[in-house]
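Coordinate inspection notes
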Amino acid sequence: MMDFIARNFRWLMLLSGVLTATMFYGLFAPQEALQSMFGASFEGQLQSLVVRSWSALVGLMGVLLIYGALSPKHRVLCAVIAALSKAIFVSLLLIHGQDYLSKAAPAIALDLLVIAFTLLFLLAVQKRRSA
């Protein structure tokens, strides 16, 4: 099982990277991104700036996952950084964003899947190195 995960992890990274990178659209349509992700809206220039910045950072995590999928040399580092980012997002939603959980459930589920498989991938890599 661990070897299977280690051999195929790049495909999960690639798929989740592409899906995560779609958040770049929030740079151009921040109101729509916020509405589709959380079912909420905002008013004001500062909120627009924060959502655009958040969208860019999330999109960059997608690019990082894609890069890691295509670069075995950097796969572990890219996977760890992206999984940590996703873990922070999920944690913040669970702690402070209960009102948004139902709307954000698909993103949470995907992020938890990526986090879990990243942990399994890291265990598989460690097992390979110690063998």
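Summarised in this report is the structure supplied together with it. (Residues numbered from 1 in each chain as written. Predicted model: local features only at pLDDT ≥ 70, side-chain atom pairs only at ≥ 80, totals over all residues. Heavy atoms only, no water.)

**Some details on the overall build of the protein chain**
For clarity, the threshold we go by: Runs of E in the DSSP output that reach at least two residues are strands. Runs of H or I that reach at least four are helices, and both are numbered from the N terminus. Categorising residues by exposure relies on relative accessible area from a 1.4 Å probe, with only protein chains included: less than 20% of the type maximum marks a residue as buried, more than 50% marks it as exposed, and the intermediate range marks it as partly exposed. In this description, contact between two residues means that some pair of their heavy atoms is separated by no more than 4.5 Å. Only the protein chains shown count as cover for residues, and all accessible areas are computed by the Shrake-Rupley method using a 1.4 Å probe.
If you tally the helices and strands in the protein chain, you get five helices and zero strands. Listing each helix as α and each strand as β along the protein chain from the N terminus yields α-α-α-α-α. A principal-axis box enclosing the C-alpha atoms of the protein chain has dimensions of 55 × 25 × 20 Å. When the 131 residues of the protein chain are sorted by exposure, 38% land in the buried category. Once local pairs closer than 6 in sequence are excluded, the contacts in the protein chain between residues at least 24 apart make up 67%. For the protein chain, the computed accessible surface area is about 7,800 Å², with 70% contributed by carbon and sulfur atoms.

**Focus: the packing of aromatic side chains**
Formally: Only Phe, Tyr and Trp rings are paired, with Trp represented by its six-membered ring, and only when their centres lie within 6.5 Å; those with planes under 30 degrees apart are stacked, over 60 edge-to-face, the remainder tilted.
If you walk through the whole model with that rule in mind, you get five aromatic pairs. Pairing Phe 38 with Trp 54 gives two aromatic rings, centres 5.7 Å apart and planes at 45°, and the pair type is tilted. Here the residue Phe 38 occupies a position in helix α2 (residues 30–38), and Trp 54 occupies one in helix α3 (residues 45–70), the gap between them amounting to 16 residues. You can call Phe 38 buried: its relative accessible area is 13%. Seen from their ring centres, Phe 38 and Tyr 100 are 5.9 Å apart, and the 75° between their planes marks the pair as edge-to-face. On the criterion of sequence distance, the pair formed by Phe 38 in helix α2 and Tyr 100 in the loop between α4 (75–96) and α5 (101–130) is long-range, its members being 62 residues apart. By the ring-pair criterion, three or more aromatic residues cluster together here, those being Phe 38, Trp 54, Phe 89 and Tyr 100.

**Structural notes on the environment of Ala 104**
The topology assignment puts Ala 104 in helix α5. Using a relative accessible area of 1% as the deciding quantity, one classes Ala 104 as buried.

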